[in-house]
Amino acid sequence: MVERAQQRNGRRVQRGDGVAGLKALPGASADLVFLDPPFDAELFDAALQAAVPALASGGFIYLEAPQAWDDARLAPLGLQVRRHLKAGAVHAHLLHQPS
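The residue numbers shown here count from 1 along each chain, following its written sequence. Reporting in this predicted model follows two pLDDT cut-offs: at least 70 for local features of residues, and 80 or more for side-chain atom pairs to be given and counted; totals over whole chains, interfaces and linings ignore these cut-offs and use all residues. Hydrogens and waters are ignored; side-chain quantities use all the structure's heavy atoms.

Student: Explain the sheet that holds strand β6 (residues 90–96) to me, please; I cannot follow it from the model alone.
Tutor: Think of a sheet as strands paired side by side through backbone hydrogen bonds, with each pair either parallel or antiparallel. With mixed pairing, the 4 strands of this open sheet are ordered in space as β3-β4-β6-β5. Each edge of the open sheet carries a strand with a single partner, namely β3 (30–35) and β5 (80–87). Adjacent strand axes in the sheet meet at a mean angle of 10 degrees, parallel and antiparallel pairs treated alike. For β3 and strand β4 (residues 55–65), the ladder comprises 5 bridges, and the chain directions are parallel. Pairing of F34 across the sheet is with Y62, part of β4. Packing of helix α2 (residues 44–54) onto the sheet brings it into contact with β3, β4 and β6, and relative to β4 it is tilted by some 160 degrees. Here, strands pair whenever DSSP counts at least two bridges between them. Here a helix means four or more residues in a row that DSSP labels H or I, a strand means two or more in a row labelled E, and each is numbered from the N terminus. In this analysis an axis means a line fitted to C-alpha atoms, helices contributing only their contacting stretch, and an angle means the value between N-to-C directions, from 0 to 180 degrees. A contact between two residues is defined here by any heavy atoms of the two lying within 4.5 Å.

Listed below in C-alpha cells is the structure:
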C-alpha cells in the first residue's frame, strides 16, 4: 500500500510498501528505480522481481545490499551490473537492463 505520493516537475516519489508500489506501476514506465530494503528483511529478490517489469528498456536500478550481486545471479532477471562499490557493510550496485 502506498502511504504518500508527491509529484513535482514531472517526477513522482512514493512512500510505502515498495514491492507493492513497484507491482502497481505500468510496465516499462520507470527509467530509474532505487532499492534499499532493510538488510534483515530478505526482500532483495522480491524487490528486484517487482522492479524489472516496471523498468523501461535501457533503464537502471540502484540497489543497496549486504552482499555483492553479480551478473550470473542477475541474468534470470535480464539485468547486468554496470557499477559496484562497497562502503563499510553496504554493497552499492548500479544495475542495467540492456536495450
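Student: Explain unusual backbone geometry here, please?
Tutor: Excluding glycine, residues mostly have negative phi values, and the peptide bonds linking residues are mostly trans. Even without being glycine, A28 reaches a positive phi, approximately 55 degrees. Inspection of the secondary structure puts A28 in the loop between α1 (18–24) and β3. Positive phi, close to 55 degrees, is recorded for E42, a residue that is not glycine. Structurally, the position occupied by E42 is in the loop between β3 and α2.

Student: It is not clear to me how the nonpolar core should be interpreted in this structure. Could you clarify?
Tutor: Side chains that are nonpolar tend, in soluble globular proteins, to be buried together. Membership of the largest hydrophobic core comes to 20 residues, with the highest contact counts inside it found for V33, L35, L48, I61, L63 and L79. Elements supplying a minimum of two residues to this core: α1, β3, α2 and β4. Those residues within four positions of L48 in sequence are excluded, and the remaining contacts are L35, I61, L63, W69, L74, L77, L79 and L95. By nonpolar core is meant a set of buried Ala, Val, Leu, Ile, Met, Phe, Trp, Tyr and Cys residues that side-chain atoms within 4.5 Å join together. Note on classification: 1.4 Å probe, protein chains only; a residue is buried when its accessible area is under 20% of the maximum for its type, exposed when over 50%, partly exposed between these limits.

Student: What am I meant to see in the layout of surface pockets here?
Tutor: Rolled over the atoms, a probe sized like a water molecule indicates the empty space that remains. The rule is simple: put a 1 Å grid over the protein atoms alone, call a set of points where a 1.4 Å probe fits but cannot get out a cavity, call an open set with protein on both sides within 12 Å along at least five of seven lines a pocket, and count a residue as lining if it has an atom within 4 Å of a point. Grid points are joined across faces, edges and corners, and a volume is the space filled by probe spheres set on the points. Of the voids in this model, the largest pocket is the one considered here, and its volume is about 890 Å³. Along the walls of the largest pocket sit 26 residues, with R12, Q14, L22, V33 and F34 positioned nearest its centre.

Student: So what exactly am I meant to see when it comes to α2 here?
Tutor: Regarding α2, the residues found buried are F44, A47, L48, A50, A51, V52 and A54. Looking at the packing, one finds that the buried side of α2 touches α1, β3, β4, α3 (71–74) and β6.

Student: Got a minute to help me understand the packing of aromatic side chains in this structure?
Tutor: For any pair of aromatic rings, the description rests on two quantities: the centre-to-centre distance and the angle between the ring planes. Note on ring pairs: Phe, Tyr and Trp rings are taken, using the six-membered ring of Trp, and paired if centres are within 6.5 Å. Classes follow the plane angle, with under 30 degrees stacked, over 60 edge-to-face and the rest tilted. One pass over the full model with this rule turns up 2 aromatic pairs. Residues F34 and Y62 carry aromatic rings whose centres are separated by 5.9 Å and whose planes lie at 55 degrees to one another, so their mutual orientation is tilted. Taken as a pair, F34 in strand β3 and Y62 in strand β4 lie far apart in primary sequence, 28 residues in all. For F34, a relative accessible area of 61% puts it in the exposed group. By relative accessible area, which is 25% here, Y62 ends up partly exposed.

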